[in-house]
Amino acid sequence: MTVTITAFERSPDGGKGLARDTRVRWALEEVGQPYEVRLVSFRAMKEPAHLSLHPFGQIPTYEEGELALFETGSIVFHLAERRPGLLPQDANARARAITWMFAALSTIEPPILEFTNAKLLEADKPWHAERLPIVADRVRDRLRLLSARLGDAEWLDGAFSAGDLMMVSVLLRARPSGILNEFPSLAAYVARGEARPAYQRAFAAQLAVNTAKPATD
Ligand code: GTB
């Protein structure tokens with residue numbers, strides 16, 4: 001069955017791999033599922049055809065036969081459930097890996113996004129200089145505890161899992177600010193994720209889209 005995902009026609013990050021289609025591409029590569037990509041413009045994302053796939057007019061989406069999904073976490077979980085490679089067989093280890101997926105999305109990512117938004121969208125506000133260090137410290141508080149839990153381990157709970165895929169993807173968004181690199185063990189953990197061949201293929205695929213020359217004629 002053909003799998004089709006959507007991605008930005010041009011990601012605002014210019015191909016740094018921070019848009020969320022990279023997470024889905026990475027999961028597809030880890031489980032060895034071939035896929036096609038439909039590129040969408042910001043305008044097309046808000047039109048009825050795309051809104052029927054994604055109620056909030058965003059990317060990524062996932063189509064497989066009759067099934068259409070949105071939300072990166074749900075898409076990665078769907079892939080991990082149906083194909084080997086991203087979740088352990090043992091029921092308890094599997095439940096813990098899923099827990100790490102949720103932790104990435106609901107405990108680690110929100111303060112990172114809050115910080116990113118504060119930096120990018122609030123720079124002209126009179127309270128910006130006062131607020132930014134406060135939200136940066138909220139990120140640090142979470143990363144300190146995550147780093148303590150990871151310790152010297154290679155991955156969060158035994159073998160690499162969908163939990164690591166999501167955590168590495170989320171942490172990547174804390175790198176441009178420099179905060180990730182304040183935690184060398186987390187920076188090394190992210191580098192291990194990026195070194196995986198599946199990540200490399202996913203990254204290269206999104207980069208190719210975002211650095212392609214626009215057609216001229
Ligand atoms: N909860 C949803 C999910 O996890 O799938 C969130 C999806 C989402 O935020 N999609 C973004 C989008 O479609 C793209 S990934 N935005 C367009 C819109 O809302 O109109 C977020 C993103 C965008 C840009 C960068 N960047 O430039 O660095 C990084 C991440």
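Treat the numbers as computed from the prediction; the structure is a model and nothing was measured.

Chemist: Before we move on, can you summarise helix H8 (residues 184-195) with the specific residues and values?
Modeler: For an α-helix the count is 3.6 residues per turn, leaving residues at separations of three or four pointing the same way. A rise of 1.5 Å per residue sets the reference length of H8, with its 12 residues, at 16 Å; its end C-alpha atoms lie 16 Å apart and thus fit the reference within 8%. Burial in H8 covers these residues: Leu-186, Ala-187, Tyr-189, Val-190, Gly-193 and Glu-194. For H8, the buried positions fall inside an angular range of 160 degrees around the axis, keeping them on one side. For H8, the exposed residues set more than 90 degrees away from the buried face come down to Pro-184 and Ala-195. As for H8, its buried residues are in contact with helix H1 (21-31), helix H6 (128-150), helix H7 (162-172) and helix H9 (197-211).

Chemist: A description of the sheet that holds strand S2 (residues 36-40) should follow, citing residues and the corresponding values.
Modeler: Spatially, four strands are ordered S2-S1-S3-S4 in an open sheet, and the strand pairing comes out mixed. The sheet is open, and its two edges are formed by S2 and strand S4 (67-70), each paired on a single side. With strand direction ignored, the average angle separating the axes of adjacent strands in the sheet is 20 degrees. Those strands touched by H1 are strand S1 (3-8), S2 and strand S3 (61-64), and its axis lies near 150 degrees from that of S1. Helix-sheet contacts for helix H4 (residues 72-82) involve S3 and S4, and the interaxial angle to S4 is about 130 degrees.

Chemist: Summarise the site of the ligand; cite the residues concerned and give the values.
Modeler: Near the ligand, the surroundings consist of 15 residues, among which Arg-20, Lys-46, Ile-59, Glu-71 and Thr-72 are the closest. For the ligand, an oxygen atom lies 2.6 Å from a polar atom in the side chain of Thr-72. For the ligand, the protein covers 78% of the area, taking 680 Å² as the surface of the free molecule. According to the grid-proximity analysis, the pocket containing the ligand is the largest pocket. When the residues that make up the shell around the ligand are grouped by side-chain class, the tally is eight nonpolar, two polar and five charged.

Chemist: Talk me through the packing of H1 against H4; I want residue IDs and the actual numbers.
Modeler: Across the interface, H1 lies against H4 with an axial gap of 9 Å and an inter-helix angle of 5 degrees. Classified by the interaxial angle, the pair formed by H1 and H4 is roughly parallel. Contacts between H1 and H4 involve Arg-23, Val-24, Ala-27, Leu-28 and Val-31 on the former and, on the latter, Thr-72, Ile-75, Val-76 and Leu-79. Each residue belonging to the contact of H1 with H4 can be placed in one class, and the counts come to seven nonpolar, one polar and one charged.

Chemist: Before we move on, can you summarise the pairing of S2 with the specific residues and values?
Modeler: Within a regular strand, side chains alternate between the sheet's two faces. Both S1 and S2 contribute to a ladder of five bridges, which runs parallel. Within S2, the residue paired with Ala-7 across the bridge is Leu-39. Tracing the backbone out of S1, into H1 and back to the parallel element S2 gives a crossover that is right-handed.

Chemist: I'd like a description of the pairing of S4, backed by residues and values.
Modeler: In the sheet, S3 pairs with S4 via four bridges, with the strands oriented antiparallel. Considered in S4, the bridge of Tyr-62 is made with Leu-69. Between S3 and S4, which follow one another and run antiparallel, lie two residues, and Gly-65 among them has a positive phi close to 60 degrees.

Chemist: Break down the domain arrangement of the protein for me, with residues and values.
Modeler: Split by domain assignment, the protein resolves into domain 1 (3-85 + 199-211) and domain 2 (91-196). Distance between the C-alpha centres of domain 1 and domain 2: 21 Å. In total, about 1,500 Å² of surface goes out of reach between domain 1 and domain 2, with carbon and sulfur atoms giving 62% of it. Across the domain 1-domain 2 interface, the total number found is four salt bridges. Glu-109 is the salt-bridge partner of Arg-23, the closest N and O atoms lying 2.7 Å from each other. In this structure, the connection of domain 1 to domain 2 is made through seven residue pairs in polar contact (both at pLDDT 80 or more). Elements with a contribution of two residues or more to the side of domain 1 that touches domain 2: H1, H4 and H9. At six residues, H4 tops the list of elements feeding residues into the side of domain 1 that touches domain 2. Looking at side-chain class alone, the side of domain 1 that touches domain 2 contains seven nonpolar, three polar and four charged residues.

Rules of the game
- Residues numbered from 1 in each chain as written.
- Predicted model: local features only at pLDDT ≥ 70, side-chain atom pairs only at ≥ 80, totals over all residues.
- Heavy atoms only, no water.
- Helix = DSSP H or I, 4+ residues; strand = E, 2+ residues; numbered from the N terminus.
- Expected span 1.5 Å × (residues − 1).
- Buried < 20%, exposed > 50% of the residue type's maximum accessible area, 1.4 Å probe, protein only.
- Arc of directions from axis to C-beta.
- Contact = heavy atoms within 4.5 Å.
- Pairing = 2+ DSSP bridges.
- Axes fitted to C-alpha atoms, helices over the stretch in contact; angles between N-to-C directions.
- Near = heavy atom within 4 Å.
- Polar contact = N/O pair within 3.5 Å; in protein donor to acceptor, adjacent residues only side chain to side chain.
- Areas by Shrake-Rupley, 256 points an atom, 1.4 Å probe, with all protein chains shown as cover.
- 1 Å grid on protein atoms, 1.4 Å probe; cavity = no way out; pocket = protein on both sides within 12 Å on 5 of 7 lines; lining within 4 Å.
- Sits in = over half its atoms within 2 Å of the grid points.
- Nonpolar A, V, L, I, M, F, W, Y, C, P; charged D, E, K, R; others polar.
- Parallel < 35°, antiparallel > 145°, perpendicular 65-115°, else oblique.
- Right-handed = clockwise from strand over helix to strand, strands pointing away.
- Domains from an automatic or database assignment.
- Buried area = accessible area lost by both parts, 1.4 Å probe.
- Salt bridge = Lys/Arg side-chain N within 4 Å of Asp/Glu carboxyl O.

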